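Okay, here's what each chain looks like letter by letter:
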Amino acid sequence: MARKLLLQHENVPGINTFEVYRKNGGYASVEKALKSMTPDEVMEEVKKSGLRGRGGAGFPAGMKWSFLDRKSEKPRYLVCNADESEPGTFKDRYLMEKIPHLLIEGMITSSYSLGANTSYIYVRGEYMYVISILEKAIEEAYAAGFLGKNILGTSYSLDLYVQPGGGAYICGEETALLESLEGKRGNPRLKPPFPAIAGLYASPTVVNNVETIAAVVPIVNQGGDEYAKIGVGKSTGTKLISASGHINKPGVYEIELGLPVEEFIYSEEYCGGIWKGRKMKAVVAGGSSVPILPTDLILKTAKGEQRLMTYESLSDGGFVSGTMLGSGGFIVLDETACIVQHLHTFARFYHHESCGQCSPCREGTGWMEKVIHRIEHGHGHQGDIDLLVDVAKKIEGNTICPLGDAAAWPVASAIRHFREEFEYHIKYPEKVKNPKHFELEPFVSEKSLVTA
Amino acid sequence: MTDTKTIEFSATTKALVDRILKRYPEGRQKSALLPLLHLAQAEFGGWLSVPTMDYVASVLNIKPIEVYEVASFYTMYNLNPVGKCLIEVCRTGPCMLRGANDIIEHIENKLGIKEGETTADGKFTLKTVECLGSCGTAPMLQCGADYYENLTNEKVDKLIEKWNSINDHSTYMRSNRVEL
Amino acid sequence: MAKVTIDGIEIEVPDGTSILNAARMIGGDVVPPAMCYYSTLKETGGKCRVCLVKVTQGSAKDPRPMPKLVASCRTNVMDGMVVQNITSPEVLEARKGVVEFLLINHPLDCPICDQAGECDLQNLAYEHGAAKTRYEEDRRTFEKIDIGDKIKLHMNRCILCYRCTFVADQLTNNRVHGVLNRGDHSEISTYIEKAVDNDFSGNMIDVCPVGALTDKTFRFKQRVWFTNPMDAHRDCPKCSGKVVLWMKGEEVLRVTARKDQYAEVKEYICNECRYDHKDITHWKVEGPRHIDRGSVISQNHYERIDLQKLKKEVERQLEFQKGKPLPEPNSLNA
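Residues numbered from 1 in each chain as written. Chains lettered and ligands numbered in written order. Predicted model: local features only at pLDDT ≥ 70, side-chain atom pairs only at ≥ 80, totals over all residues.

### Considerations on the overall build of chain B
- When helices and strands are counted, chain B shows seven helices and four strands.
- Going from N to C terminus, chain B has its helices and strands arranged as α-α-α-α-β-α-α-β-β-β-α.
- Taking 2.2 N^0.38 as the reference for a compact globule, 180 residues should give roughly 16 Å; the C-alpha atoms of chain B span a radius of gyration of 18 Å, in line with that estimate.
- Judged by the C-alpha coordinates and their principal axes, chain B covers about 50 × 35 × 25 Å.
- Within chain B, the proportion of its 180 residues that are buried is 47%.
- Across chain B, contacts joining residues at least 24 apart in sequence account for 62% of those joining residues at least 6 apart. (Helix = DSSP H or I, 4+ residues; strand = E, 2+ residues; numbered from the N terminus. Rg over C-alpha atoms; globule rule 2.2 N^0.38 Å. Buried ≥ 20, exposed ≤ 12 C-beta atoms within 10 Å, placed from the backbone. Contact = placed C-beta atoms within 7 Å.)

### Looking at the packing of helix 6 (residues 100-114) of chain A against helix 7 (residues 128-143) of chain A
Residue and element names in this part refer to chain A.
- Between helix 6 and helix 7, the least distance of the axes is 9 Å, while the angle of their chain directions is 55°. Judged by the angle between their axes, helix 6 and helix 7 are oblique. The crossing of helix 6 and helix 7 is right-handed. Contact residues: Pro100, His101 and Ile104 in helix 6; Ile133, Leu134, Ala137, Ile138 and Ala141 in helix 7.
- For the contact of helix 6 with helix 7, the class distribution of residues is seven nonpolar, one polar and no charged. (Axes fitted to C-alpha atoms, helices over the stretch in contact; angles between N-to-C directions. Parallel < 35°, antiparallel > 145°, perpendicular 65-115°, else oblique. Left-handed = near helix turned anticlockwise from the far one by under 90°. Nonpolar A, V, L, I, M, F, W, Y, C, P; charged D, E, K, R; others polar.)

### Focus on the pairing of strand 2 (residues 9-13) of chain C
All names here are of chain C.
- Where strand 1 (residues 2-6) lies against strand 2, five bridges are found, and the strand directions are antiparallel. Within strand 2, the residue paired with isoleucine 6 across the bridge is isoleucine 9.
- Where strand 1 folds back on strand 2, the antiparallel hairpin that results is connected by two residues, among which aspartate 7 adopts a positive phi of roughly 50°. (Pairing = 2+ DSSP bridges.)

### Some thoughts on the interface of chain A and chain B
- Taken residue by residue, the interface counts 44 residues in chain A and 38 residues in chain B.
- Elements that contribute at least two residues to the side of chain A that touches chain B include exactly helix 7, strand 3 (159-164), helix 8 (174-181), strand 7 (238-245), strand 8 (251-256), strand 11 (329-334) and helix 16 (339-353) of chain A.
- The greatest single-element share of the side of chain A that touches chain B, amounting to six residues, is contributed by helix 16 of chain A.

### Some points on the interface of chain A and chain C
- At the junction of the two partners, chain A supplies 21 residues and chain C supplies 24 residues.
- Only helix 16, helix 17 (359-376) and helix 18 (384-395) of chain A provide two or more residues apiece to the side of chain A that touches chain C.
- When grouped by side-chain class, the residues that make up the side of chain A that touches chain C number seven nonpolar, 10 polar and four charged.

### With respect to helix 10 (residues 210-222) of chain A
Residue and element names in this part refer to chain A.
- Most of helix 10 sits inside the fold, with 11 of its 13 residues counted as buried.
- Those residues of helix 10 lying buried are Val210, Glu211, Thr212, Ile213, Ala214, Ala215, Val216, Val217, Pro218, Ile219 and Val220.
- Glycine 223, located one to two residues past helix 10, shows a positive phi value of around 95°.

### Quick word on the domain arrangement of chain A
All names here are of chain A.
- In terms of domain boundaries, chain A breaks down into domain 1 (18-229), domain 2 (238-334) and domain 3 (339-445).
- Computed from C-alpha atoms alone, the centre-to-centre distance between domain 1 and domain 3 is 36 Å.
- Between domain 1 and domain 3, the residue contacts involve 10 residues of the former and nine residues of the latter.
- Split by residue class, the side of domain 1 that touches domain 3 holds seven nonpolar, two polar and one charged. (Domains from an automatic or database assignment.)

### Quick notes on the nonpolar core
- A:Val79, A:Cys80, A:Leu95, A:Leu103, A:Val332, A:Met368 and A:Val411 are the most contacted members of the largest nonpolar core, which totals 266 residues.
- The greatest single-element share of this core, amounting to 12 residues, is contributed by helix 19 (residues 403-427) of chain A.
- Discounting chain neighbours no more than four positions away, the residues touching A:Val411 are A:Leu343, A:Ala347, A:Met368, A:Leu388 and A:Ala392.
- Counting 13 residues, the second largest nonpolar core, distinct from the first, contains C:Cys239, C:Val244, C:Val255 and C:Cys270. (Core = buried A, V, L, I, M, F, W, Y, C linked by C-beta atoms within 7 Å.)

### Description of the pairing of strand 3 (residues 52-57) of chain C
All names here are of chain C.
- The pairing of strand 3 with strand 4 (residues 70-71) spans two bridges and is classified as antiparallel. Along strand 4, the bridge assignment pairs leucine 52 with alanine 71.
- Of the pairings in the sheet, the one linking strand 3 to strand 5 (residues 81-84) comprises three bridges and is antiparallel in character. By the bridge assignment for strand 5, valine 55 is matched with valine 83.

### Digging into the packing of helix 5 (residues 91-98) of chain A against helix 10 of chain A
All names here are of chain A.
- Where helix 5 meets helix 10, the closest approach of the two axes is 9 Å, and the angle between their N-to-C directions is 50°. Taken together, the axes of helix 5 and helix 10 lie oblique to each other. Of the residues in helix 10, those touching helix 5 at Lys91, Asp92, Leu95 and Met96 are Val210, Glu211 and Ala214.
- Tallied by class, residues from the contact of helix 5 with helix 10 come to four nonpolar, no polar and three charged.

### Thoughts on the sheet that holds strand 3 (residues 141-143) of chain B
All names here are of chain B.
- Pairing is mixed across the open sheet formed by four strands, whose spatial order is 2-1-3-4. Because the sheet does not close on itself, it has two edges, and the strands there are strand 2 (124-129) and strand 4 (146-148). Across the sheet, the mean angle from the axis of one strand to that of its neighbour is 25°, orientation sign disregarded.
- The pairing of strand 3 with strand 4 spans three bridges and is classified as antiparallel. When the sheet's bridge partners are listed, glutamine 142 is paired in strand 4 with tyrosine 147.
- Those strands touched by helix 6 (residues 100-111) are strand 1 (85-90) and strand 2, and its axis lies near 155° from that of strand 1.

### Some words on unusual backbone geometry
- Here the bond from A:Lys191 into A:Pro192 is cis, since omega is -5°, no more than 30 degrees from zero.
- Of note, A:Pro192 is situated in the loop between helix 8 and helix 9 (195-198).
- In this structure, the amide linkage connecting B:Ala138 to the following residue, B:Pro139, adopts the cis form with an omega of -5°.
- Examined against the element boundaries, B:Pro139 turns out to sit in the loop between strand 2 and strand 3.
- The backbone phi angle of C:Tyr162 is positive, close to 70°, even though this residue is not glycine.
- Tracing the backbone shows C:Tyr162 in the loop between strand 7 (151-153) and helix 4 (163-171).

Right, dumping it as structure tokens:
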């Protein structure tokens, strides 16, 4: 069994309560940090751990903390990004629902390190029942003296609040999240200035993902060096993976970074293989926005090396033959899945979620959705595939925030690796009229028929 | 100006509003807009009418347009009346792979409405939504604050049967949790 | 001060100057277009993406190039920065893409649009657009609405620059309109039938880069290129009273604020000046207005041309073009 740092007590009855959580070693990091460490020492441990942002971008967390403007006279804020909305990702919900105190403990220890006396957990509004769980846990933490004035008798005080979102994927982008937290539309801000200088209420702010903040707990408890021993290279520690799609055992798994992708998919400990005895066609490894890869490229890199669950290994080959670890939203497609249909749901998603502030994303996401829709429904024509590639290219890199890239990459990669399926839809419109076309008659590459 | 006199939070909600307002620094009370809109929607019929939004604006001392801008940006705020039971079915990639389209079709047939429509008796509104973060337990739907996961047609039938007896608006702030 | 090089031309500008404004100090072809940025409205810019440029060297201290194209209106220069605008094929390609995006849902109703002839989108499309659209779907449509008795909102034409909302926020104290909905359903609206009624609300018309907000007192009165713009002023207790009268014979058809070569108003005017004094006797006419931004109006030169100034500008442009390939003539292949 792999080591678990976040979910080791997930099956302990009552672990969602303060009492049981505390009995199982909970809040030790708060005691250790507040009583025996300076804020900078806590940050040093996070730096040493090599922990990278678990929301998707993978930016080193310690470095992000070090950018916080400590010279400013203004109050500092830590804001937890619990706006988990990337299709294929549900690990933060699982963690908050199962072990809410882990996040709260992480928030206290991290806020102490950053010098924040008010912190917020911004939870997507649809997770309203999770908000109730968190609010109850926060109440317990206040009652036990881990929140509020003079925590554990030290001079450190912290107030922690939960803020609900209103239904908008874009608020997972940190500056859109801050706008939303200020009671505005979730339009991402132009950067610079970055939140570390002018974030919430124009004050220095760090925004971290739920899992990132939770990981601070074991890092402080056992030391950054110990944490960094897990994993491979710059991919240290454990990572929560949300596994979904055509697998036998969908769910949230905590893995040690460095686990071979093949083992993750096929071992009984994790996904348990492809459902219904079918073969795998493709994987979206890190949430909807990362490039989709066909079976051969997800199991092995283009160089023929075994693909590992690490930031580096998954991105090996760049956008030509690689993908990204992203948020860890691992979506598996079996041989009956239609790549075009699947892509259409993502294109519709990004169209639906574009904030509409900047022109390439506002206009381009809708355009892509419409073209993919007509291909999927047998109304596509020659030139549509190249049109899609070009529109995606015109969006990518030209928008205010990464949503433009997130919308463009799935389109570009699906066409890169599965162009033949798009051509099939255009060539045989009558065959794709039934939405379950590839379940009825699995797609077979005409090229491979000829070469075979 | 729209008359907002007839709309007012209950005493319990007012107390909650006061607590929420204290979460933010002085002068930043606009931050309470999203939570207050959820509360208003729950209290005033499951949707946000203009008088409701104007009332929220007056509570926060902001301009009505600031409320309209925000309410129309986020998908959870209904700007038109909805049925007492708002059924929201996820249809994004991972749910689609596990049969969300069949579930949607089943509900449509069962209720005799298309997605986006409300039944004639005003009981049900069917809405399709984008990823609700429940991909590992797909297909799924949300009703009120609650998630219903690993759906099958049979499960859906039972849910609808139970919801038929509910006469209160299910909104995100109010749970109509039905145990299966 | 910071030294910055734009398309090979070096200039020294005060710290904190944006790339766009540095380019404007140089002038001529190196100035990126701007559809949402507006120098006299705070916080505008960054949204339309037509002003994207390439930063090939970040600064003297950190010479690394910036990984993506940046919005020149909201990116400040650094000492030693090197920028490419029209000398970068990548920038021109991206700009062409943005123009295409702005046009896919635009009604292209220029023949019946009052803004035609002084429309920034029309000019931009002329320079960077393609004659053929690749967009086959139905265009997004909205109903025309009146916002107040003086302004017509033609949402189909709007490119969501947000300028008019900034006018309402910064020049008036009671904004009643804003951006509603999101994504490509976003629209400028009051949500409920509400009149925009404020002493300075008329400036929304002047800052609109397209024909989305038009002056109802001028609608369909006259093609703008058949009018004679005259600088004029009056003593006004509310504003500077400095305006442009758009005349046909002795008749004042329209009153606007004065716009500079980038179509920006520096001194906003009040609604009384704009709407209530369409009588030449109410004004002290200064003389014909020189309009130097590219539009059909500028072809209508009837004032005395300053030959010295013109010669200087031609020489400056020739100097700049020396050794550089001339920009392609308009490649409209219709």
